[in-house]
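Descriptive analysis of the structure
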Amino acid sequence: MSSTALEDDSVPGQAAARPGGRTAGEARFDDVPLGEEWHSPLYAMACRQFARAADVLALEDELRTRLLEPRRSLVCNFPARMDNGEVINYTGYRVQHTLAMGPTKGGLRFAPDLGFGECAALAMWMTWKCSLAGLPFGGAKGGVRCDPHALSAGEMERITRRYTAELLPIVGPDMDIPAPDMGTSEREMAWFYDTYSQSVGYSVPAVVTGKPVALGGTIGRHDATGLGVVFSIESAFEELGWSLPESSFVVQGFGNVGSVAARELHARGGKVVAVSDIRGAIANPHGLDIPAVLRWVDEHYYLEGFPDAEPVSGEAMLELDCDVLVPAAREEQITERNADRLKCKLVVEGANGPTTPAADRILSDRGISVVPDILANSGGVIVSYFEWVQSHQKYSWQALEVQERLRTQMRSAYDRVRGAAVELGVDNRTAALASAITHVSEAAKLRAIYP
Ligand code: NAD
């Protein structure tokens, strides 16, 4: 008997004979299925959300295992020279969740507590986000464990360039296309683009999105996520028969996503009654003058001290009276500790993973609807996709074209989610995930298993 035949004979129900391997259906859905290095509350949360949607779809075991576990990942420890001559070792990650949909796409996060599990959760959410938006990408996420606020521009450049070099075997314009995330911006994307291009010997603008416009970045990328959040609010309002100028909003986080969302809501006549940043919140029940708040932040960096508003704690602002709460700061902000005290009627998630599964259940019991992250904040990756297309074509679109295409694509994703929610009788998050998972699992099934 050949050794192949022996292996084949041992397959059914013999997982214990293959330590570390997992047969179809052995992945655990109540927690992280992989080794210790993957564990994080965020990845456990992404796994639980996936399990709920997979149950609704009665997804077969083989596909559950294949779609739950990240397909490919890289971890690297590399040295970088600091301005004072000292050499510090940094850890970088890149997780590519599924390769079934085409190249992978997702941001680079530079943060002091970054880990494998966090990257895995964010990569998985990127897969569902891209699928829901109808983009030809699987999800990815990566970054470097470092504190960007404690590094000079020169140190950031050396870390970014070395990290890019470490990623060369698994990134490329048709392989994996990074973009900015927390702690990185168009400056780092310019360095990434240049380092990659130096390594292959010619310019490859499609290797990264979120580039400066002068380097082939697209007009409208900076505002895309916040604007997309507002497009989602407009879709929900149209369905609910609510009027934006008669409604009040609380926006948590006043960075890229939150400040643009607040600005666009104010510009449409909405009453933004509170906004916050890492230091705390400011509130005015008559509505904040958002253009004045933006000027204040330009000058003072933080919201604190803004006149014509009351200071409020970051926790209390989430519980203020309003029609719509837009969490646009960080993950795990609406939890079982505060979900029963929220006074909003609708939550529209600008941030990734701001609501825990336990809080989801409480909000659902209280009749508070949620427009989930993979739908509400997909504007960024949709416009990133537009940038990638333009970089490939060496052709630039006008601002109006970018905005109208974004509006159309987000609208059809919203309709798809609401259609699935009604058809399956589930909440919006489960419907969004179910719709996205259906598409990805169909692709994975059609591509089958190699060899
Ligand atoms: P950012 O760094 O530009 O802004 C974050 C803001 O949140 C800052 O104002 C910061 O002070 C504030 N903040 C941080 N911790 C806070 C806390 N505990 N309470 C209140 N405020 C706090 O980041 P961003 O790009 O606006 O991203 C915000 C969220 O949106 C993240 O979850 C990110 O993953 C998600 N997101 C961003 C994009 C994008 O295109 N930028 C796309 C999709 C999702």
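The preceding data block contains the structure.
Report on the accompanying structure. (Residues numbered from 1 in each chain as written. Predicted model: local features only at pLDDT ≥ 70, side-chain atom pairs only at ≥ 80, totals over all residues. Heavy atoms only, no water.)

**Section: the sheet that holds strand β5 (residues 176-180)**
Rule in force here: Each pair of strands is called paired provided DSSP finds at least two bridges between the two strands. Only DSSP runs of H or I reaching four residues or more are called helices, and only runs of E reaching two or more are called strands; each is numbered from the N terminus. Note on definitions: angles span 0 to 180 degrees between N-to-C directions of axes, and those axes are lines fitted to C-alpha atoms, for helices only across the stretch in contact.
The five strands lie next to each other as β1-β2-β4-β3-β5, forming an open sheet whose pairing is mixed. What marks the edges here is a single partner per strand, and that holds for β1 (72-81) and β5. Averaged over all pairs of adjacent strands, the angle between strand axes in this sheet comes to 20 degrees, irrespective of strand direction. Strand direction decides the pairing type here: strand β2 (residues 87-96) and strand β4 (residues 138-145), joined by six bridges, are antiparallel. By the bridge assignment for β4, T91 is matched with R145.

**So, the packing of helix α2 (residues 41-57) against helix α4 (residues 116-132)**
To keep it simple, the criterion reads: Contact criterion: two residues are considered in contact whenever any of their non-hydrogen atoms come within 4.5 Å of each other. Amino acids outside the nonpolar list (Ala, Val, Leu, Ile, Met, Phe, Trp, Tyr, Cys, Pro) and the charged list (Asp, Glu, Lys, Arg) are all regarded as polar, and Gly is one of them.
It is the contact of α2 with α4, at a shortest axis distance of 7 Å, that shows an interaxial angle of 35 degrees. Between α2, through L42, Y43, M45, A46, Q49 and F50, and α4, the contact on the second element is made entirely by G117, E118, A120, A121, L122, M124, W125 and W128. Of the residues that constitute the contact of α2 with α4, the class distribution is eleven nonpolar, two polar and one charged.

**Focus on the site of the ligand**
Selection rule: For this purpose, a residue is taken to be near a molecule or strand whenever a single non-hydrogen atom of the residue falls within 4 Å of it. What qualifies as a polar contact is a pair of N or O atoms within 3.5 Å, subject to a donor-acceptor requirement within protein and to the restriction that residues adjacent in sequence count only when both atoms come from side chains. With residues, only the protein chains shown are counted as cover, and all accessible areas are computed by Shrake-Rupley using a 1.4 Å probe. For the domains described, the bounds stem from an automatic or database domain assignment.
Taken together, 21 residues lie around the ligand, and T225, N256, V257, I278 and N352 are the ones closest in. F254 places a main-chain nitrogen or oxygen 3.1 Å from an oxygen atom of the ligand. Within the backbone of N256, a nitrogen or oxygen atom sits 3.0 Å from an oxygen atom of the ligand. In isolation the ligand exposes 830 Å². Once the protein is present, 79% of that is buried. Counting only elements with at least two residues in the shell around the ligand, the list comes to α7 (221-240), α8 (256-267) and β7 (271-277). Of the residues contributing to the shell around the ligand, the split by class is seven nonpolar, nine polar and five charged. Each of domain 1 (14-215) and domain 2 (224-376) gives at least three residues to the shell around the ligand.

**Details of the environment of G258**
Here is the rule: Three exposure classes are used, based on accessible area relative to the maximum for each residue type with a 1.4 Å probe and protein chains only: buried under 20%, partly exposed in between, and exposed over 50%.
Within the secondary structure, G258 is located in helix α8. With relative accessibility at 0%, the residue G258 sits in the buried group. Measuring from C-alpha to C-alpha, the distance between G258 and A351 comes to 8.7 Å, with 93 residues separating the pair along the chain.

**Considering the pairing of strand β6 (residues 248-252)**
Where we set the bar: The definition of a right-handed crossover adopted here requires that, viewed with the strands pointing away, the path from the first strand over the helix to the second runs clockwise.
Most of β6 sits out of view: five of its five residues are buried. Side chains S248, V250 and Q252 of β6 all project onto a buried face; the interleaved residues F249 and V251 project onto the opposite face, where all are buried too. The sheet contact formed by β6 and β7 spans five bridges and is parallel. Across the sheet, Q252 pairs through a bridge with S276, a residue of β7. Note that the unit made of β6, α8 and β7 has a crossover that is right-handed. Here four bridges tie β6 to strand β10 (residues 324-327), and the two strands are oriented parallel to one another. Directly across from Q252, in β10, lies its bridge partner P327.

**Some remarks on helix α9 (residues 290-300)**
Note the cut-off: Directions are taken from the helix axis to each C-beta atom, and the arc is the one they span.
Among the residues making up α9, those that are buried are I290, A292, V293, W296 and V297. Along the axis of α9, the buried positions cluster into a sector of 150 degrees, meaning they face one direction only. Of the exposed residues in α9, those oriented more than 90 degrees away from the buried face are R295, D298 and E299. Buried residues along α9 sit against α8, β7 and β8 (280-283). Once α9 finishes, Y301 follows within two positions and takes phi at roughly 70 degrees, a positive value.

**Observations regarding the side chain of S232**
With respect to the helices, strands and loops of the structure, S232 is situated in helix α7. On the basis of relative accessible area, S232 is assigned to the buried category, the value being 3%. Those residues within four positions of S232 in sequence are excluded, and the remaining contacts are V348, V371, L375, A376, M410 and Y414.

**Notes on the pattern of salt bridges**
Basically, it comes down to this: Salt bridge, as applied in this entry: a Lys or Arg side-chain nitrogen positioned within 4 Å of an Asp or Glu carboxyl oxygen.
With the rule as written, the count across this model stands at 32 salt bridges. For D181, the salt bridge goes to R109, with nearest N and O atoms at 2.5 Å. On the criterion of sequence distance, the pair formed by D181 in the loop between β5 and α6 (186-200) and R109 in strand β3 (residues 104-111) is long-range, its members being 72 residues apart. A single burial state applies to D181 and to R109, both of which are buried. With a closest N to O distance of 2.7 Å, R268 and E234 form a salt bridge. Linking R268 in the loop between α8 and β7 with E234 in helix α7, this pair joins segments that are 34 residues apart in sequence.

Any functional reading would require information beyond the geometric quantities listed.
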